[in-house]
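What the coordinates show
One-letter residues, chain by chain:
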Amino acid sequence: MKLKQRRKLVTYLNILDQPIRFNPFVFSRSFLLWALLGLIGGVIAGIYWIGLEFLTHSLAFFSGWQVIPLMAICGFLAGLVIHFIGDPGEIHLIVNNIRFNKGKLEPKNNPSMILSSLLCVASGGSLGPEAPLVQVTGSTGTWIGKLFRLKGEELRSLSIAGMASGFTALFGAPLGGSLFSLEILHHKHAVEYYKAIMPAFVASCFSYLVFALIIHLGLGPIWDLSAYEYSGLFDFGYAVLFAIVGTTFGWGFIFCVKFFKSIFEKRPLPIYIRTLIGGLLLGIIAFYFPITRYFGHHEINELLSGNFSLTLLLAILIFKIIAISITVTSGWRGGFIIPLFFVGATLGLIIHQLFPTMNLTLAIVSCMAAINACVTRTPMSTTILLATLTGFGHFVPILFASLTGYFLAPKIPFIGSQMEEE
């Protein structure tokens, strides 16, 4: 029976290998493959998001001092998952595999990534679900590519398209998610993998459609910023000034990560001990500053609608950077893009309190763009993502801020594999 099924599968694959005959359009077999990947990516992202929301709401029952033992225990459990099931790696590994491993992302580590990231993100770690989703959807692209016997750039493009479907599902921006999956791979040559642009676009659109159906996602910004009104050419200068401040804190974040990394690497410890220590420290920070708990998807709106004093905002800014750094270096799993947006929003509020005449929305968006472009080296996609997520309809000021963060970033990128040469 199994032999017959395999023969049928080979027959179907041979049929799919043939070009679509009598087709006068650009539409091709490849389009069907990209669309299929997008649909599967959207389903994966939707299921993951529902599981994450359920677990987050379940663990949100613990508050006050209880968050300290809760996060320590969740960190310990996540460490055990990584220790016994396998280390799924981080964004550095994803970039390395796309660039140097013929575009192959191995699905074998997906169970470890899913379980460990769910524990880390849901319990309140300062990393978001973007990296786990990208790992899972990107490796799904690799698996489908191998199933259809793709090789070389075609296989790499399908892996990148899978990554794009994961980014898009989380950010709700097909264009921004597609470009982000390309830009983050190499900071000096943003279109190095230009052949993957169309696969990424198609997979992103289908992924967004399915994800929106599963979680009932609507169109529109997710962060409630006040409407921005253009007041003249000086706004571009202000955007650059705000971006310089944001870039400064981007440098600060990078050095903070290096500092905690050196501490955790001084003495080799089992991964579950590192994640336990990390959870304990994160729980203490969350106890004193509850808004720093979680990755910031909902907390940014809480930050924008709250009436925080300047002193409290400064404390939130500093301890959020420390919390992200501890989460990254102690072995917790997740992505740092939305947490960096939270840092940028906090910084924008601080600038506005110091200089009340400055436009609040412009200050917030400029700082968010600069700090993310400084750390991830993705100015184009950051501009589009922020325009979508914040409803800031004017691209040019955001682009000025993103480019400022990009060109004032450290020469050695935070994601070290972006710089390595083939």
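Quantities reported herein were computed from a predicted structural model and do not represent experimental measurements. (Residues numbered from 1 in each chain as written. Predicted model: local features only at pLDDT ≥ 70, side-chain atom pairs only at ≥ 80, totals over all residues. Heavy atoms only, no water.)

**Some remarks on the overall build of the chain**
A count of helices and strands for the chain gives 17 helices and zero strands. The buried share of the chain, taken over its 422 residues, is 55%. (Helix = DSSP H or I, 4+ residues; strand = E, 2+ residues; numbered from the N terminus. Buried < 20%, exposed > 50% of the residue type's maximum accessible area, 1.4 Å probe, protein only.)

**Quick word on the packing of helix α8 (residues 174-183) against helix α16 (residues 379-390)**
For the pair α8 and α16, interaxial distance at closest approach is 8 Å and the crossing angle is 160°. Looking at the two axes, α8 sits roughly antiparallel to α16. Considering how the two elements wind past one another, α8 and α16 form a crossing that is left-handed. For the pair formed by α8 and α16, the contact residues are L175, G176, G177, L179, F180 and E183 on the first element and P379, M380, S381, T382, I384 and L385 on the second. In terms of residue class, the contact of α8 with α16 is made up of seven nonpolar, four polar and one charged. (Axes fitted to C-alpha atoms, helices over the stretch in contact; angles between N-to-C directions. Parallel < 35°, antiparallel > 145°, perpendicular 65-115°, else oblique. Left-handed = near helix turned anticlockwise from the far one by under 90°. Contact = heavy atoms within 4.5 Å. Nonpolar A, V, L, I, M, F, W, Y, C, P; charged D, E, K, R; others polar.)

**Comments concerning the confidence of the model for the chain**
Averaged over every residue, the pLDDT of the chain is 82; residues scoring 70 or more account for 84%. Considering each helix and strand of the chain separately, the mean pLDDT is smallest for helix α4 (residues 91-100), with a value of 57, and largest for helix α13 (residues 310-329), with 93. (pLDDT = per-residue confidence, 0-100.)

**A word on the packing of aromatic side chains**
Between two aromatic rings, the relevant description is the distance of the centres plus the angle of the planes. Across all of its chains, the model carries 11 aromatic pairs by this definition. Ring geometry for F61 versus F62: centroids 5.7 Å apart, planes at 80°, classification edge-to-face. Overall, F61 belongs to the exposed group, its relative accessible area being 66%. With a centroid separation of 5.3 Å and an interplanar angle of 75°, the aromatic rings of F259 and F260 are classed as edge-to-face. (Phe/Tyr/Trp six-rings, centres within 6.5 Å; stacked < 30°, edge-to-face > 60°.)

**A word on helix α3 (residues 67-85)**
Under the 1.5 Å per step criterion, the end-to-end length of α3 is 26 Å for 19 residues, consistent within 8% with the ideal 27 Å. Contact partners of the buried residues in α3: α2 (29-59), α5 (110-123) and α11 (271-288). Positioned one or two residues after α3, G86 has a phi angle of 135°, which is positive. (Expected span 1.5 Å × (residues − 1).)

**Digging into the side chain of T404**
With respect to the secondary-structure elements, T404 resides in helix α17 (residues 395-407). Residue class for T404 comes out buried when judged on its relative accessible area of 11%. Residues in contact with T404, not counting those within four places in the same chain, are V240, A243, I244 and T247.

**Some points on the packing of helix α10 (residues 234-264) against α17**
Between α10 and α17, the shortest axis-to-axis distance is 8 Å and the interhelical angle comes to 35°. As α10 packs across α17, the resulting crossing turns out to be right-handed. Between α10, through F236, A239, V240, A243, I244 and T247, and α17, the contact on the second element is made entirely by V396, P397, F400, A401, T404 and G405. Across the contact of α10 with α17, the residue classes break down as nine nonpolar, three polar and no charged.

**Observations regarding unusual backbone geometry**
Look at Y294: it is not a glycine, yet its phi comes out positive at around 75°. Tracing the chain through its elements places Y294 in the loop between α11 and α12 (299-305). Not every positive phi belongs to a glycine, and R377 is a case in point at roughly 60°. Within the secondary structure layout, R377 lies in the loop between α15 (360-376) and α16.

**Observations concerning a nonpolar patch on the surface**
A cluster of nonpolar residues, W65, L269, I277, L280, L281, I284, F287 and Y288, forms a patch on the protein surface that exposes about 750 Å² of accessible area. Summarising the element assignment, F287 is placed in helix α11. Residue classification places F287 among the partly exposed residues on the basis of a relative accessible area of 34%. (Patch = residues over 30% accessible without salt bridge, like charges linked within 9 Å, V, L, I, M, F, W, Y side chains within 5 Å. Areas by Shrake-Rupley, 256 points an atom, 1.4 Å probe, with all protein chains shown as cover. Salt bridge = Lys/Arg side-chain N within 4 Å of Asp/Glu carboxyl O.)

**Quick notes on the environment of I144**
Topologically, I144 is positioned in helix α6 (residues 130-147). For I144 and L36, which are 108 residues apart along the polypeptide, the C-alpha to C-alpha distance reads 9.2 Å. Beyond its immediate sequence surroundings of up to four residues, I144 is in contact with L33, L37, I40 and L158.

**Examining the environment of M198**
Position of M198 among the secondary structure elements: in helix α9 (residues 197-215). Residue classification places M198 among the partly exposed residues on the basis of a relative accessible area of 47%.

**Re the environment of C367**
In this structure, C367 sits in helix α15. Ignoring anything within four residues of it in the chain, the contact list for C367 reads F242, G246, G344, L347, G348 and I351.

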